[in-house]
Amino acid sequence: MTKEVKQWTIEEIEKIYHSPLLDLVYRAATIHRENHNANEVQISTLLSVKTGGCPEDCGYCPQAARYHTDVDNEAMLSVKQVEIAAKRAKLLGSSRLCMGAAWRNVKEGKEFDQVVEMVRTVNALDMEVCCTLGMLTEKQAQRLADAGLYAYNHNVDTSEEYYKEVISTRGYDDRLKTIENVRKSGVTVCSGGIIGMGESIKDRCGMLLTLANLKPQPESVPINALVSVEGTPMEDLEPIPIWDMIRMVATTRIVMPKTTIRLSAGRTTMSREGQAFCFMAGAASIFAGDKLLTTPNPDIYGDLEMFDILGLTPTEPFSKHAQPETKDDEYEGEKEKIRWSRPAHKIEKNLEYAGKGKK
Ligand code: SAM
Ligand code: DTB
Ligand code: SF4
């Protein structure tokens, strides 16, 4: 008999989010211990392989070309540079490397070929390889899978309703389509979002509703706290209280018991005690290294000291899923055509910031 998969409702998720904090954390911690080794936290490293100049208008993002931030456009990293960065990350305890590109979507050609080569190279170092390259087709996902890609990160970012207040250049459905394409290729899905963008609690729960009702649920869910960057439409937003992060992590744990929850952007403003509470509530990964993609992150030695204080050990690679095999590249160019949507709505704040000089 097949076990029926639970379909979550927004009311159920909101009720969990609003429960008394200590009850919430206790329940989440219990579920965490039933499904994971609670004293292990994965150390992951981010590497921006193509920085800046992105055509999208994501209101939080310092890499959007239309906002004038301190981020400069940089040429794509070479495979050798990636290999060196990956080896260094591994030496410092990382078991996962996530490579990001400031692209709307993956396009066929030299740059994508180079990313495929990067994936092969990092997989050969026995690290979990993750990519976040924007929207991609099923064939492109398959090509990355064949090169040894372990995970693909593509965030829904927020609820379907609030998404329209943040991004106007691509739709929520496009995001879900890419996630579906990744799923079909056999690569594990990493999808989460950001809190602190001015959304309501209902939106935070709405984002979890989307993710928790995916079948199967994502293997990995990053929870980012907004890093407000000067020059973006979200530059004036205050950091969220740590209690919101703890509630978000705990609620994620309860509605997606098996998922790896990643404490992602925003750790520079979180105390160690706050982060410990998040680990207690089910977070099982951090991004380490002094930079995320473009913004600062806590110092790695400070993080290792935090592991020591809390008695945490870094998770070994491939402890949740087997290492993908790297196959021969028999790819002969793109045959599949997808038309990603260009939604018609406009976002006043994003328009106001586009082209405006940095203060
Ligand atoms: N261009 C690709 C895309 O958008 O899918 C990949 C890179 S993008 C930088 C990856 C994710 O980083 C975004 O979906 C968003 O959730 C997160 N992110 C970007 N800027 C952020 C910020 N200022 N604060 C927190 N998270 C951020
Ligand atoms: C995710 O959800 N967070 C990471 C990773 N996936 C790619 C990226 C955070 C980026 C924060 C802003 C920056 O450094 O540019
Ligand atoms: Fe581009 Fe990704 Fe930044 Fe959006 S989040 S502007 S798609 S790099």
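Note that this is a predicted model, so its numbers are computed, not measured. (Residues numbered from 1 in each chain as written. Chains lettered and ligands numbered in written order. Predicted model: local features only at pLDDT ≥ 70, side-chain atom pairs only at ≥ 80, totals over all residues.)

Trainee: Got a minute to help me understand the pairing of strand β3 (residues 128-132) in this structure?
Mentor: Within a regular beta strand, the side chains point alternately toward one face of the sheet and then the other, so they alternate between its two faces. In terms of burial, β3 is largely enclosed, as five of its five residues are buried. The two faces of β3 match: E128, C130 and T132 on one face and V129 and C131 on the other face are all buried. The pairing of strand β2 (residues 96-101) with β3 spans five bridges and is parallel. In the strand pairing of β3, C98 is matched with C130. Taken together, β2, helix α4 (residues 110-123) and β3 constitute a β-α-β crossover, and its handedness is right-handed. Pairing analysis gives two bridges linking β3 to strand β4 (residues 151-153), with the strands arranged parallel. Its bridge partner lying in β4, C131 is registered against Y152. Of the crossover connections in this fold, the one passing from β3 over helix α5 (residues 138-147) to the parallel β4 is right-handed. (Buried ≥ 20, exposed ≤ 12 C-beta atoms within 10 Å, placed from the backbone. Helix = DSSP H or I, 4+ residues; strand = E, 2+ residues; numbered from the N terminus. Pairing = 2+ DSSP bridges. Right-handed = clockwise from strand over helix to strand, strands pointing away.)

Trainee: Help me understand the pairing of strand β1 (residues 40-50), please; the structure alone is not making it clear to me.
Mentor: For β1, the buried fraction is high: ten of the eleven residues fall into the buried class. Bridge count for β1 against strand β10 (residues 313-314) is two bridges, and the pairing is parallel. Counterpart to V41 in the pairing with β10 is P314. Bridge analysis of β1 against β2 gives six bridges, and the strand direction is parallel. Along β2, the bridge assignment pairs T45 with L97. After leaving β1, the chain enters helix α3 (residues 79-91) and then returns to the sheet as β2, a path that is right-handed.

Trainee: Please explain the packing of helix α2 (residues 21-35) against helix α9 (residues 242-255) as it appears in this structure.
Mentor: Relative placement of two packed helices is described by the angle separating their axes and the distance separating the axes. At their nearest, the axes of α2 and α9 sit 9 Å apart, and the two run at 40 degrees to each other. As summarised for this structure, α2 and α9 are arranged oblique, according to the angle between their axes. Seen from above, α2 lies across α9 with left-handed handedness. In contact with L21, L24, V25, R27, A28, I31 and H32 of α2, α9 contributes W243, I246, R247, A250, R253 and I254. Its residues placed into classes, the contact of α2 with α9 shows nine nonpolar, one polar and three charged. (Axes fitted to C-alpha atoms, helices over the stretch in contact; angles between N-to-C directions. Parallel < 35°, antiparallel > 145°, perpendicular 65-115°, else oblique. Left-handed = near helix turned anticlockwise from the far one by under 90°. Contact = placed C-beta atoms within 7 Å. Nonpolar A, V, L, I, M, F, W, Y, C, P; charged D, E, K, R; others polar.)

Trainee: Would you mind going over the site of ligand 3 with me for this structure?
Mentor: Neighbouring ligand 3 are C54, E56, C58, C61, Q63, A64, A102, R104 and G134. Residues of the shell around ligand 3, tallied by class, amount to five nonpolar, two polar and two charged. (Near = placed C-beta within 6 Å.)

Trainee: I'm lost on unusual backbone geometry in this one. Help?
Mentor: Trans peptide bonds make up the majority, and among non-glycine residues the majority have a negative phi. Residue P216 is bonded to the preceding K215 through a cis peptide linkage, with omega at 0 degrees. Assignment of secondary structure puts P216 in the loop between α8 (201-212) and β7 (220-225). Positive phi values are uncommon outside glycine, yet D157 reaches one of about 75 degrees. Relative to the elements of secondary structure, D157 occurs in the loop between β4 and α6 (160-166). Of the residues examined, D157 has 22 C-beta atoms within 10 Å and is grouped as buried. Non-glycine residue F318 carries a positive phi angle of around 60 degrees. With respect to the helices, strands and loops of the structure, F318 is situated in the loop between β10 and α12 (348-353). Classification of F318 as partly exposed rests on a count of 15 C-beta atoms within 10 Å.

Trainee: What should I look at first to understand the site of ligand 1 in this one?
Mentor: Taken together, 18 residues lie near ligand 1, and T132, N155, N224, V227 and A265 sit nearest. Residue classes in the shell around ligand 1 are distributed as ten nonpolar, seven polar and one charged.

Trainee: Just checking my understanding: could you explain α9 for this structure?
Mentor: For an α-helix, the turn length of 3.6 residues means that residues three or four places apart are oriented alike. Relative to the 20 Å expected for 14 residues at 1.5 Å per residue, α9 spans 20 Å between its end C-alpha atoms, a close match to the ideal helical length. Those residues of α9 lying buried are M245, I246, R247, M248, V249, A250, T251, T252, R253, I254 and V255. (Expected span 1.5 Å × (residues − 1).)

Trainee: Sorry if this is basic, but what is going on with the environment of R170 here?
Mentor: Note on placement: R170 falls in the loop between α6 and α7 (172-185). In sequence terms R170 and A344 are 174 residues apart; their C-alpha atoms lie 9.4 Å from each other. Not counting residues up to four positions away in its chain, the partners in contact with R170 are E56, R104, W340 and S341.

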